[in-house]
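# Tertiary structure, described
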Amino acid sequence: MKIGVIGLGLIGGSIFKNLRGKYSVVGVSRSLKETNVSDDYSTLKDCDIVFVCTPMNKTLEVLDKLEEYLSKEAIVTDVCSLKTFVSKKKYSYNFIPSHPMAGTEHQGWEYSYPELFQGAKWIMTPLDGDVPEKLESVINELGAQIIITTPEEHDKAVALISNLPLVVAQALCANIKDNILAQTIAASGFRDTTRLALSNLEMANDMLELNRENIETAINSMLDSLKKLTDEDYKTQAESIKKFRELMYPKNHD
């Protein structure tokens, strides 16, 4: 099986590094000089599966371009962190929108590594309700677990668990801009909480632009939750946190 990867940053580079040696893998990159990597899209012609790992604002352009090179049997999937905007058009090949729930605050080929997807959830929003067995097998090979949903439900969910934490991290950083002592003594707790503020700015801007309505809903929900916390006594707050821990980390409560 031949697999193509377009865009060799953190996500695409990690896919490429994991699958090379297991399959025939070719990469497309404008700048990276690496074995089996070029800027020539014609190298993708015989691919069974193609991963499109470009920035979100370039993805639709790349999906259109691939129609010049791929057969109708080829399977194409993207890795965009939003799914509604890529799900509005059908292509001559078999397009399966997807989103691996994996990443770090770093970007680029040099930070990519084969184990990035080990144990991760990989969201699929197939337009016809099915994920091809061939693609499912490769995702499993990467170490990820597939979850199937709709583009709309996906974007609502990531607004809550991905987009909102980014906004909150940025707000926390902005909140100490005038307090030099706070900036000086901030330690691991603050750094861990605000790590997402260091995320790829291009990706962050794309998320905020393309998922604005869901993010605004999530922000309003967060503000309601904060107001509720200020109105509750500590005993009630502690009980809510305990229930959350039991839900999210059940192994710690056996």
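The paragraphs below set out a description of the structure included in this document. Model, not experiment: these values are computed from the prediction. (Residues numbered from 1 in each chain as written. Predicted model: local features only at pLDDT ≥ 70, side-chain atom pairs only at ≥ 80, totals over all residues. Heavy atoms only, no water.)

### Things to note about unusual backbone geometry
One non-glycine residue, Asn36, lies in the positive phi region at around 65°. On the secondary structure map, Asn36 appears in the loop between strand S2 (24–28) and strand S3 (37–38). (Helix = DSSP H or I, 4+ residues; strand = E, 2+ residues; numbered from the N terminus.)

### Some points on the environment of Leu208
Tracing the backbone shows Leu208 in helix H7 (residues 201–210). On the accessibility criterion, Leu208 (23% relative accessible area) is partly exposed. Each C-alpha atom of the pair Leu208 and Ala159 lies 9.3 Å from the other, and the pair is 49 residues apart in sequence. Setting aside residues no more than four positions away along its own chain, Leu208 makes contact with Val167 and Ile215. (Buried < 20%, exposed > 50% of the residue type's maximum accessible area, 1.4 Å probe, protein only. Contact = heavy atoms within 4.5 Å.)

### Overview of the pattern of salt bridges
For the structure shown, the criterion picks out 8 salt bridges. Its salt-bridge partner being Lys134, residue Asp48 comes within 3.7 Å of it at the nearest N-O pair. With Asp48 in the loop between S3 and strand S4 (49–52) and Lys134 in helix H3 (residues 133–141), this residue pair connects regions lying 86 residues apart in the sequence. Accessibility expressed as a relative area gives 24% for Asp48, which makes it partly exposed. Judged by relative accessible area, which is 38%, Lys134 ranks as partly exposed. Ionic pairing is found between Glu153 and Lys156, a salt bridge with its closest N-O pair at 3.7 Å. Taken as a pair, Glu153 and Lys156 lie in helix H4 (residues 151–175) at a separation of 3 residues, close to a single helical turn. By relative accessible area, which is 42% here, Glu153 ends up partly exposed. (Salt bridge = Lys/Arg side-chain N within 4 Å of Asp/Glu carboxyl O.)

### As for the state of the cysteines
Under the defined criterion, the tally for this structure stands at 0 disulfides. No disulfide involves Cys53; its sulfur sits 9.1 Å from that of Cys80, the nearest cysteine. Overall, the relative accessible area of 12% leaves Cys53 in the buried class. (Disulfide = S-S within 2.5 Å.)

### Overview of the sheet that holds strand S9 (residues 145–148)
With mixed pairing, the 3 strands of this open sheet are ordered in space as S7-S8-S9. Two strands in the sheet have a free side with no partner beyond their single neighbour: strand S7 (98–100) and S9. Averaged over all pairs of adjacent strands, the angle between their axes in this sheet comes to 25°, without regard to strand direction. As paired strands, S7 and strand S8 (residues 121–124) are joined by 3 bridges and run antiparallel to one another. When the sheet's bridge partners are listed, His99 is paired in S8 with Ile123. (Pairing = 2+ DSSP bridges. Axes fitted to C-alpha atoms, helices over the stretch in contact; angles between N-to-C directions.)

### As for the layout of surface pockets
Its boundaries defined by the atoms lining it, the second largest pocket holds a volume of some 500 Å³. Along the wall of the second largest pocket there are 10 residues; nearest its centre are Ser225, Leu229, Ser240, Ile241 and Phe244. Listing elements by their share of the lining of the second largest pocket, those giving two or more residues are helix H8 (212–231) and helix H9 (234–248). The element best represented in the lining of the second largest pocket is H8, accounting for 5 residues. Residues belonging to the lining of the second largest pocket are distributed by class as follows: 5 nonpolar, 3 polar and 2 charged. (1 Å grid on protein atoms, 1.4 Å probe; cavity = no way out; pocket = protein on both sides within 12 Å on 5 of 7 lines; lining within 4 Å. Points joined across faces, edges and corners; volume = space filled by probe spheres on them. Nonpolar A, V, L, I, M, F, W, Y, C, P; charged D, E, K, R; others polar.)

### With respect to the environment of Leu19
Positionally, Leu19 belongs in helix H1 (residues 10–19). Sequence spacing of Leu19 and Ile3 is 16 residues, and the spatial spacing of their C-alpha atoms is 8.4 Å. What Leu19 contacts, discounting residues up to four positions off in sequence, is Ile3, Val25, Phe51, Val138, Glu141 and Leu142.

### So, the nonpolar core
Counting 28 residues, the largest nonpolar core has Ile15, Phe51, Trp122 and Leu135 as its most contacted members. Looking at this core, the elements with two or more residues in it are strand S1 (2–6), H1, S4, S8 and H3. Here this core gets 5 residues from one element, more than from any other, and that element is H1. Aside from chain neighbours lying at most four places away, what touches Phe51 is Ile3, Gly4, Val5, Ile6, Ile15, Leu19, Thr77, Trp122, Leu135, Val138 and Ile139. If you look at the next biggest cluster of nonpolar residues, it comprises 26 residues, including Val52, Cys80, Leu82 and Val158. (Core = buried A, V, L, I, M, F, W, Y, C linked by side-chain atoms within 4.5 Å.)

### Re H1
Burial runs high along H1: 10 of the 10 residues are buried. Where H1 is concerned, the buried positions are Leu10, Ile11, Gly12, Gly13, Ser14, Ile15, Phe16, Lys17, Asn18 and Leu19. Gly21 sits one or two positions beyond H1 and adopts a positive phi of about 95°.

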